[in-house]
Amino acid sequence: MSRDLSIKLGRLILKNPILTASGTCGFGYELIPFLQELPGAIVLKGLTLEERKGNPTPRIAETPAGILNSIGLQNPGLRQFKEDVLPKLCNINTCLIANISGNTIEEYGILAEELSQLPEISAIEVNISCPNVKKGGIVFGTDPKEAYKVVRHVVEKSTVPVIAKLSPNVTDIREIALAVERAGADAISMINTLLGMKIDIKTGRPALGNIMGGLSGPAIRPIAVRMVYQTAQVVKIPIIGMGGIRNIEDVVEMLMAGASAVAIGTGTMIDPTLPSRLVRDLDEYCKQNNITDWKDIIGLALRRS
Ligand SMILES: Cc1cc2nc3c(=O)[nH]c(=O)nc-3n(C[C@H](O)[C@H](O)[C@H](O)COP(=O)(O)O)c2cc1C
């Protein structure tokens, strides 16, 4: 592959615009054997200051065009991450982006400060959008003032680029996007999962232990495309688009909606080779369509509507 697929997202430079989405490929090292071409970045599983055991099981339920999850940010906490996980990440030859959540703004700050000092970590993604935890997460992502405060604090504490991850569970995504841009985020990630529910009709009980969960996969893709399109109209910072991407046509659509990069979540859980295939497919798509610079696709639909 000879084409230059690199992309600049604020201060962050990636070798290609295909990323993995947080929480869908663990801390990344288990995925590496499946990847011939490395994605531009691996976004790590969500981290909190203290260990989290997650929500009661079952925590995954299938739906006709996606999955519901209510993991609840299960993770080993910052200290165990540094001791046990970090040594496994030092030889991965692509950018690693940490994904952080907290109960308080101060917790986000501590995580950002400590993680940005680690040479393995290229950027911090601030999860203000998790629908599966009672405190923090989505509380910060549904109020523009709170979103501003937490992202501003992270920007002040971090020495690496900061990406704000937005929730689709809001009335107007543009208000939140503008708030995190004002707070100094280098880029925006969108979308996180949509709150959904499934009932087991044999038992009459909710299928998830936590009753409700986050919907991801192809079912949410048109919503993600719409929200990326709306957001790209109002912000100047780059957008990483995600939600149900399964093939190169989905990637191209997300880029045309205004995303400068894409992340693959549920698709990777179904086929772990997908991110690396999409890197090759983007190159092939450009060749077949006589596109010299793939970046010309970004925001095409905005210019043509
Ligand atoms: C099992 C699972 C765990 C997730 N965990 C996180 C997480 O820890 N932090 C986060 O910001 N997003 C998390 N997400 C959301 C994904 O990163 C992504 O935004 C969402 O699934 C939409 O993309 P997709 O349809 O390609 O999966 C999780 C999604 C799934 C399915």
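Heads up: these notes are all about the structure in this document. (Residues numbered from 1 in each chain as written. Predicted model: local features only at pLDDT ≥ 70, side-chain atom pairs only at ≥ 80, totals over all residues. Heavy atoms only, no water.)

A short note on the overall build of the protein
- Helix and strand counts for the protein come out as ten helices and 16 strands.
- Against the globule reference of 19 Å for 305 residues, the protein gives a C-alpha radius of gyration of 18 Å, in line with a compact fold.
- In terms of overall dimensions, the protein has C-alpha extents of about 50 × 50 × 40 Å along its principal axes.
- Burial statistics for the protein: of 305 residues in total, 57% are counted as buried.
- As presented, the protein carries roughly 13200 Å² of accessible surface, and 52% of it is formed by carbon and sulfur atoms.
- Across the protein, the mean location of the 33 positive side-chain charges is 3 Å away from that of the 31 negative side-chain charges. (Helix = DSSP H or I, 4+ residues; strand = E, 2+ residues; numbered from the N terminus. Rg over C-alpha atoms; globule rule 2.2 N^0.38 Å. Buried < 20%, exposed > 50% of the residue type's maximum accessible area, 1.4 Å probe, protein only. Areas by Shrake-Rupley, 256 points an atom, 1.4 Å probe, with all protein chains shown as cover. Lys, Arg positive; Asp, Glu negative; His and termini not counted. Charge placed at Lys NZ, Arg CZ, Asp CG, Glu CD.)

Comments concerning empty space enclosed by the protein
- A complete count under the given rule lists one cavity of 30 Å³ or more for this structure.
- Each pocket or cavity is described by its volume, and for the largest cavity that value is around 40 Å³.
- Lining the largest cavity are Leu19, Thr20, Ala21, Ser22, Val43, Glu125, Lys165, Ser189, Ile240, Met242 and Ala263.
- Counting residues per element, the ones that place at least two in the lining of the largest cavity are strand S3 (18-20) and strand S15 (239-242).
- Taken together, the residues of the lining of the largest cavity sort by class into six nonpolar, three polar and two charged. (1 Å grid on protein atoms, 1.4 Å probe; cavity = no way out; pocket = protein on both sides within 12 Å on 5 of 7 lines; lining within 4 Å. Points joined across faces, edges and corners; volume = space filled by probe spheres on them. Nonpolar A, V, L, I, M, F, W, Y, C, P; charged D, E, K, R; others polar.)

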